[in-house]
Amino acid sequence: MQYQSTRDSGLRVSAAEAIVRGLAPQSGLFVPEAFPKADLAAWKNLSYPELAREVLALYLTDYSREFLAGATARTYGEAFGGKAGATVPVHEGLYALELWHGPTCAFKDYALQLMPRLLVEAKKTLGRTETTRILVATSGDTGKAALAGYAGLDGIEIQVFYPNAGTSEIQRLQMVTQEGENVQVYAVDGNFDDAQTGVKRVFADASVGAELEKRNIRLSSANSINWGRLVPQIVYYFHAYFRLVEQGAAAWGQPVDFCVPTGNFGDILAGYYAKRMGLPVGKLVCASNRNNVLTDFIRTGTYDARREFYKTSSPSMDILISSNLERLLYHVSGSSGKVSAWMRELAQTGTYTVDAETLAAIQESFAAGYAGEAECAEEIRARYEQDGYLCDTHTAVAFRVAEACRGEAPMVVLSTASPFKFPRDVLAALGTQAPSGDFAAMAALEKKTGACAPQSLRELDRKPVRFSEIIAPEEIRAAALR
Ligand SMILES: *Cc1c(COP(=O)(O)O)cnc(C)c1O
């Protein structure tokens, strides 16, 4: 399998090259040149690590099977406590695919526990001996998941940039207490888009690359713009489908809908790959919070980022520029020329409109909706009181939208974070006065619900803070050069 660029369909690189490089020239994204066919019958009884091995082998054809078998077994075995891809019934026809049983309690662990292994192996294959410096812009969860995945690895350094006051207290502490000699964490004075734009600028700035090259350092990315981040996420769509069939919730071959709390459009895009590979997926429902730029786009074909940015209780979805949408546009329009023009327009004017054919192709697979803050809180309470199901703020947005978009098919909501990562908002939604601190709230939430907070979150308030620097978005370049 070779990889093309969304901005240059003439380019061809191997998977290893795409993973080492992160971004293609002219800020293009690497995409597979074809959709490999799934072997559903052969896969349906595989364990999660085995299924991951099979899916990855179709895309990462320059990696050996032995390597993939070892890496997936080590990643999705113990670190997920045997709960990788857990799919639980919520109520009639509605299921939660719980993706937060990994080490940092967010779905991003699925990609970021595996991707470091893919990167180290790719460098070996390509004979690369330089230091890889990974820059990550995060709205909260990616930062910690990336730090946990890359800490302590030889030949790799990682720098994380998060929006100051844009994350929950627990998310912040998860990052600034990260151990390891090869990690660095910065608060950026701005929102997530400021941090992401700053990091993208550094990648596009040839002078930064040249300066670092003199020191034998090469930049790479762990954001979901890297193919190595996306490909592991395809696996759990298959896994969820097989579990639903096993539980008698879906008939073999009948479609299942998925509703995905969306920010950068990576998680839901993985579902699109699964569908194109042959998984019976009905609709992929894109759920947004008040920052509903994607809802409007999927309904109308006009992407308009010229709008107010809201800070919400689902911060990982507080995004106005969803990078991975570019990959979808490339797949449905089949034209790097069109994609380049749209992205140029977006950068210059803040908006673009796709042609009717492209919009129709998108609407064939996708539906969209959004939920405001009050609806999100109502949903947390309704799922808890009616179904005994405790969910976080991001998942609640998706539950709400899923209800509005439900058809005949069973609906799987991707549950992307542990409710204990956002204990104050969850408590408040349940009608309990939340204590001011996140840790007191965590204890109060445990007491109220009888559920147990993950150990890795509970011990955070005892860990020393290692990083406290706040920088302006313009200073990201200088930080990357340190
Ligand atoms: C990152 C994240 C999302 C959004 O995922 P995308 O791939 O960026 O669309 C949703 N929920 C949580 C908890 C997240 O951390």
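So, how was this worked out
- In every chain, residue numbers begin from 1 and rise along the written sequence.
- Local features in a predicted model are, by the rule used here, given only for residues with pLDDT of at least 70; side-chain atom pairs are given and counted only at 80 or more, and totals for whole chains, interfaces and linings are based on all residues.
- Derived side-chain values reflect all non-hydrogen atoms in the structure, with water molecules and hydrogen atoms excluded from consideration.
- UniProt positions are given in the numbering used here, feature names are shortened, and annotations may be inferred rather than shown by experiment.
- For every element, the axis is a line fit to its C-alpha atoms; helices are fit only across the contacting stretch, and the angle between N-to-C directions ranges from 0 to 180 degrees.
- Where helices and strands are cited, they refer to DSSP runs of H or I of at least four residues and of E of at least two residues respectively, numbered from the N terminus.
- By definition in this entry, angles of less than 35 degrees are roughly parallel, angles greater than 145 are roughly antiparallel, angles of 65 to 115 are roughly perpendicular, and the rest are oblique.
- Contacts are assigned to residue pairs with any non-hydrogen atoms lying within 4.5 Å of each other.
- Residues were grouped as follows: Ala, Val, Leu, Ile, Met, Phe, Trp, Tyr, Cys and Pro as nonpolar; Asp, Glu, Lys and Arg as charged; and all remaining residues, including Gly, as polar.
- When the sulfur atoms of two cysteines come within 2.5 Å, that pair is taken as a disulfide.
- The rule is simple: take the accessible area with a 1.4 Å probe, protein chains only, and divide by the maximum for that residue type; under 20% is buried, over 50% is exposed, in between is partly exposed.
- We treat two strands as partners when DSSP finds at least two bridges between them.
- With the strands aimed away from the viewer, a crossover counts as right-handed if its path from the first strand over the helix to the second runs clockwise.
- One speaks of a salt bridge when a side-chain nitrogen belonging to Lys or Arg is within 4 Å of a carboxyl oxygen belonging to Asp or Glu.
- Contacts described as polar in this section are N or O atom pairs within 3.5 Å, which, within protein, must combine one atom able to donate a hydrogen with one able to accept it, while residues neighboring in sequence count only if both atoms come from side chains.
- Think of it this way: one heavy atom of a residue within 4 Å of a molecule or strand is enough to make that residue near it.
- Surface accessibility follows the Shrake-Rupley procedure with a 1.4 Å probe radius. Residue values consider only the protein chains on display as shielding.

The name an unreviewed UniProt entry assigns to the protein chain is Threonine synthase, from the organism Candidatus Gemmiger avistercoris. In the Cofactor (unreviewed entry) part of its UniProt record, the protein chain is described as follows: "pyridoxal 5'-phosphate". In UniProt, the protein chain has this text filed under Sequence similarities (unreviewed entry): "Belongs to the threonine synthase family."

(A) Looking closely at the packing of helix 15 (residues 325-333) against helix 17 (residues 356-365). Contact geometry for helix 15 and helix 17: axes closest at 9 Å, N-to-C directions at 110 degrees. Here helix 15 is positioned roughly perpendicular relative to helix 17, judged by the angle of their axes. Mapping the contact onto sequence places L328, L329, V332 and S333 in helix 15 and T358, A361 and I362 in helix 17. Classifying every residue of the contact of helix 15 with helix 17 gives 5 nonpolar, 2 polar and no charged.

(B) Inspection of the state of the cysteines at higher detail. What the rule picks out here adds up to 0 disulfides. The thiol sulfur of C376 is not disulfide-bonded, and the nearest other cysteine sulfur, from C391, lies at 7.5 Å. The exposure class of C376 is buried, given its relative accessible area of 1%. There is no disulfide at C405, and the cysteine sulfur nearest it, in C259, is 6.6 Å away.

(C) Region of the structure containing the sheet that holds strand 14 (residues 366-370). With mixed pairing, 6 strands are arranged side by side in an open sheet as 4-5-15-10-11-14. If you trace the sheet from one side to the other, it starts and ends with strand 4 (86-91) and strand 14, each paired once. Averaged over all neighbouring strand pairs, the angle between strand axes comes to 25 degrees, with direction disregarded. Judged from the 5 bridges that link them, strand 11 (residues 281-288) and strand 14 form a sheet pairing that is parallel.

(D) Examining the pairing of strand 6 (residues 131-137) more closely. For strand 6, the tally of buried residues reaches 6 of 7 residues, placing the bulk of the element in the interior. Sheet topology note: the strand 6/strand 9 (residues 217-221) ladder contains 5 bridges and is parallel. Counted as the bridge partner of R133 is L219 from strand 9. Note that strand 6 and strand 7 (residues 156-163) share 6 bridges and pair parallel. Opposite I134, over in strand 7, you have I158 as the bridge partner. Of the crossover connections in this fold, the one passing from strand 6 over helix 7 (residues 141-150) to the parallel strand 7 is right-handed.

(E) Structural view of the pattern of salt bridges. Tallying each qualifying case throughout the model produces 26 salt bridges. Between K463 and E179 there is a salt bridge, and its shortest N-O distance comes to 3.5 Å. Note that K463 is positioned in the loop between helix 22 (455-458) and strand 16 (470-471) and E179 in the loop between helix 8 (169-176) and strand 8 (183-188), a separation of 284 residues in sequence. E246 is the salt-bridge partner of R243, the closest N and O atoms lying 3.0 Å from each other. One end of the pair, R243, and the other, E246, are both in helix 12 (residues 235-246), 3 residues apart, so they sit about a helical turn from each other. Among the residues examined, R243 registers a relative accessible area of 12% and is labelled buried. By relative accessible area, E246 is classed as exposed at 54%. What emerges from the salt-bridge pattern is a single network uniting E378, E379, R383, D387, R400 and E403.

(F) How the structure looks around the environment of L97. Structurally, L97 is set in strand 5 (residues 94-98). Sequence-distant contacts of L97, that is, excluding residues within four places in its chain, are made with G85, A86, T87, Y236, A240, V412, V413, L414 and S415.

(G) Inspection of the environment of T61 at higher detail. When you line up the elements, T61 lands in the loop between helix 3 (48-59) and helix 4 (65-76). For T61, a relative accessible area of 43% gives the class partly exposed. Separated by 131 residues in sequence, T61 and F192 place their C-alpha atoms 34 Å apart. For T61, the side chain forms a polar contact with the main-chain nitrogen of M1, separated by 2.6 Å.

(H) Representation of the site of the ligand within the structure. Lining the immediate environment of the ligand, one finds 14 residues, of which K108, D141, G263, N264 and T416 sit closest. At a separation of 2.6 Å, an oxygen atom of the ligand approaches a polar side-chain atom of D141. Here an oxygen atom of the ligand and a side-chain polar atom of S316 are 3.3 Å apart. Protein burial of the ligand: of its 380 Å² of free accessible surface, 98% is covered by the chains. Of the residues in the shell around the ligand, the class split is 4 nonpolar, 7 polar and 3 charged.

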